[in-house]
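The chain contents come next:
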Amino acid sequence: MSVKSGALNATRRAEELHALDQAQEPVDVVIIGGGITGVGLALDAVTRGLSTVLVEKHDLAFGTSRWSSKLAHGGLRYLAKMEFGIAHHSAVERGILMERTAPHLVRALPQVMALGADSTLIQKAATRVGFLAGDALRITAGTSARTLPRSRFASREETLRLCPAASKAGLKGSWVNYDGQMVDDARMVTAIARTAASEGAKILTYCEAVRATGTEVLLRDVVKHNEYTVRARAVINATGVWAGSMDEGIKVRPARGTHLVFRAELFGNPTGALTVPLPGSISRYLFILPAPHGRCYLGLTDEDAPGDIPDVPPTPEEDVDFLLRNINRALDTALTRADVLGAFTGLRPLLDNGEEGSTADLSRRHAVVESAEGMYSVVGGKFTEYRLMAQETLDQVISQRGLDARDCATRNFPLLGAPGHREYSHIATRDLHGLPEPMIRRFGNEAPQVLAAATVERPLETVGELDVTRAEVEYAFTHEGALTVEDVLERRTRAAMIPEDAEAARPAVEEIYEHVMRSI
């Protein structure tokens, strides 16, 4: 099977919708939702030998999956809540991502807890104990210290090299721990979806599930406005925070998480994540994360978000004020509202089990719920645990529906671009020589294919203020399932996190879109 079979584009989408409309037999599994949970289910299902269809009414990673902190968490914070199972599973899944399935998309990030005047002695001690517990988690998860180094003390000088903006007041050094950082969360979703497509799954974006039961889904093509009825042996609702719209019996308690976006040069272009405990807490932190395109993200809030659930949640000014107020005590130079160039807010799909208290204290454990009509829904969970959630869900569905399927294979199934993927066994370091480093970080061993597939003029020229090449923009339309200019600006490149960056890139993206459309 060639890499080209992992190409998602408008032509493939139209062909697969037509084939679905003409099908006489039910498919094995229909998955509703194109976020991390949905694409994880699609990859698991298709690699077990099940005929698999995924539908998403918007674009891949349109919802919560693009609004995360872009971290492959090892579960450290869950130890403080005595949720040892979640902590261990998170550490195991992080190791699988970093060492087997997506080492090209997840790398070690130093988390730097400065030992200065902004934190109490108790917080300093608790952080050190927590980091040592994180080392134990890594060891029990079987992750090599070459992948994630052991936690350690860093001198004052090294602390300021990692995080130049850290306050120097009373600074003695720092505790440094290592966690996994994704190149980008939306890119991870796209890579998993394309890997599922390369194995034969139908990945249909802009295709809304209007109604669903345990054996049938009414679909509406958002582009052509046609409707299709698809029969299935099992239907799985993976719409996250919107799960209740497909099954009224499900109650979700959304938790709002906000990040702010800045230019990295404002913080001295850090290479570590400055990690700052909230006043009076030994389990909640803010952090300034280095990010692609010369940016940094400041996060994270964790607040109740009752009421209607919008497609794109707005960022409340109270969240901006909270983040700026609490981070400034840890910085040499205070941030102002004028420094904030962008913001993003996601809603975590926490299962409402009737517990009182803050959403920060609610469990992130996932659950599989079966509706009265036989549709399965996956609710809750964490981004890092997407693979485990898919495995456990499909084990249950296969058993209860009597589906003929192989055992789960995703624990050792590299994504497209990963060095261990069968398509890239012939790729050597010399084959990546001369390609832009940011392209290699985003595509891994698939990077030469991105350039080889380009038909646009000046393929290695970058667009706008980004480090994204014209070849990558074309690839987004021809191989990564982008159907609109906004898909590229919002999710394939993340230009839209800073509106002025999106507007600077828009003319080139529109030009390349027209070029691709003319060739179809």
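If you're wondering where the values come from, they're calculated on a predicted model, not measured in any experiment.

**A short note on helix α7 (residues 185-198)**
Line of reasoning, step 1. Helix length check: α7, at 14 residues, gives a terminal C-alpha distance of 20 Å against a target of 20 Å (1.5 Å per residue), a fit within 8%.
Line of reasoning, step 2. α7 sits mainly inside the fold: 14 of its 14 residues count as buried.
Line of reasoning, step 3. Between the side-chain oxygen of the N-cap and the backbone nitrogen of Ala186 there are 3.1 Å, and the N-cap of α7 in question is Asp184.
Line of reasoning, step 4. The positive-phi residue at the C-terminal boundary of α7 is Gly200, with phi of around 115°.

**A closer look at the pattern of salt bridges**
Here the idea is simple: oppositely charged side chains can pair when their charged atoms come close.
Line of reasoning, step 1. One pass over the structure, following the stated rule, counts 37 salt bridges.
Line of reasoning, step 2. Notably, a salt bridge pairs Arg94 with Asp179, separated by 2.8 Å at the nearest N-O pair. With Arg94 in helix α4 (residues 84-101) and Asp179 in strand β6 (residues 173-182), this pair connects stretches of sequence that are 85 residues apart. The pair formed by Arg94 and Asp179 is uniform in burial state, with each residue classed as buried.
Line of reasoning, step 3. Two residues, Arg422 and Glu199, come together in a salt bridge whose shortest N-O distance is 2.6 Å.

**Some details on the nonpolar core**
Line of reasoning, step 1. Counting 77 residues, the largest nonpolar core has Met188, Ile203 and Leu298 as the members making the most contacts within it.
Line of reasoning, step 2. Looking at which element gives the most residues to this core, the answer is α7, with 8 residues.
Line of reasoning, step 3. Two domains each donate at least three residues to this core, and these are domain 1 (10-65 + 186-251 + 362-412) and domain 2 (105-181 + 252-356).
Line of reasoning, step 4. If near-sequence neighbours (up to four positions away) are discounted, Leu298 is found in contact with Thr258, His259, Leu260, Phe262, Phe287, Ile288, Leu323, Leu324, Ile327 and Leu335.
Line of reasoning, step 5. Membership of the second largest hydrophobic core comes to 19 residues, among which are Val27, Val53, Ala212 and Met375.

**Looking at the UniProt feature "domain: Alpha-glycerophosphate oxidase C-terminal" (unreviewed entry) in the chain**
Line of reasoning, step 1. Mapped onto this numbering, the UniProt entry annotates "domain: Alpha-glycerophosphate oxidase C-terminal" (unreviewed entry) at residues 408-514.
Line of reasoning, step 2. A helix fraction of 47% and a strand fraction of 0% characterise residues 408-514, whose end C-alpha atoms lie 41 Å from each other.

**Things to note about the domain arrangement of the chain**
Line of reasoning, step 1. In terms of domains, the chain is made up of domain 1 (10-65 + 186-251 + 362-412), domain 2 (105-181 + 252-356) and domain 3 (429-518).
Line of reasoning, step 2. Each of domain 1 and domain 2 was reduced to a C-alpha centroid, and the two centroids are 32 Å apart.
Line of reasoning, step 3. Each partner contributes to the roughly 1700 Å² buried at the junction of domain 1 and domain 2, and carbon and sulfur atoms together form 68% of this total.
Line of reasoning, step 4. Between domain 1 and domain 2 we count 0 salt bridges in total.
Line of reasoning, step 5. At the junction of domain 1 with domain 2, the criterion picks out 4 residue pairs in polar contact (both at pLDDT 80 or more).
Line of reasoning, step 6. Among the elements that take part in the side of domain 1 that touches domain 2, α7 stands out by supplying 3 residues, more than any other.

**Regarding the packing of helix α2 (residues 36-47) against α7**
Describing two packed helices takes the angle between their axes plus the distance from one axis to the other.
Line of reasoning, step 1. Two numbers describe how α2 lies on α7: the axes approach to 8 Å, and their chain directions differ by 25°. In terms of their interaxial angle, α2 and α7 are classed as roughly parallel. Taken as a pair, α2 and α7 cross one another with a handedness that is left-handed. Between α2, through Ile36, Val39, Gly40, Ala42, Leu43 and Val46, and α7, the contact on the second element is made entirely by Met188, Val189, Ile192, Ala193, Thr195 and Ala196.
Line of reasoning, step 2. Of the residues assigned to the contact of α2 with α7, the class counts are 10 nonpolar, 2 polar and no charged.

Rules of the game
Residues numbered from 1 in each chain as written. Predicted model: local features only at pLDDT ≥ 70, side-chain atom pairs only at ≥ 80, totals over all residues. Heavy atoms only, no water. Helix = DSSP H or I, 4+ residues; strand = E, 2+ residues; numbered from the N terminus. Expected span 1.5 Å × (residues − 1). Buried < 20%, exposed > 50% of the residue type's maximum accessible area, 1.4 Å probe, protein only. Polar contact = N/O pair within 3.5 Å; in protein donor to acceptor, adjacent residues only side chain to side chain. Salt bridge = Lys/Arg side-chain N within 4 Å of Asp/Glu carboxyl O. Core = buried A, V, L, I, M, F, W, Y, C linked by side-chain atoms within 4.5 Å. Domains from an automatic or database assignment. Contact = heavy atoms within 4.5 Å. UniProt positions renumbered as here; feature names shortened; annotations may be inferred. Buried area = accessible area lost by both parts, 1.4 Å probe. Axes fitted to C-alpha atoms, helices over the stretch in contact; angles between N-to-C directions. Parallel < 35°, antiparallel > 145°, perpendicular 65-115°, else oblique. Left-handed = near helix turned anticlockwise from the far one by under 90°. Nonpolar A, V, L, I, M, F, W, Y, C, P; charged D, E, K, R; others polar.

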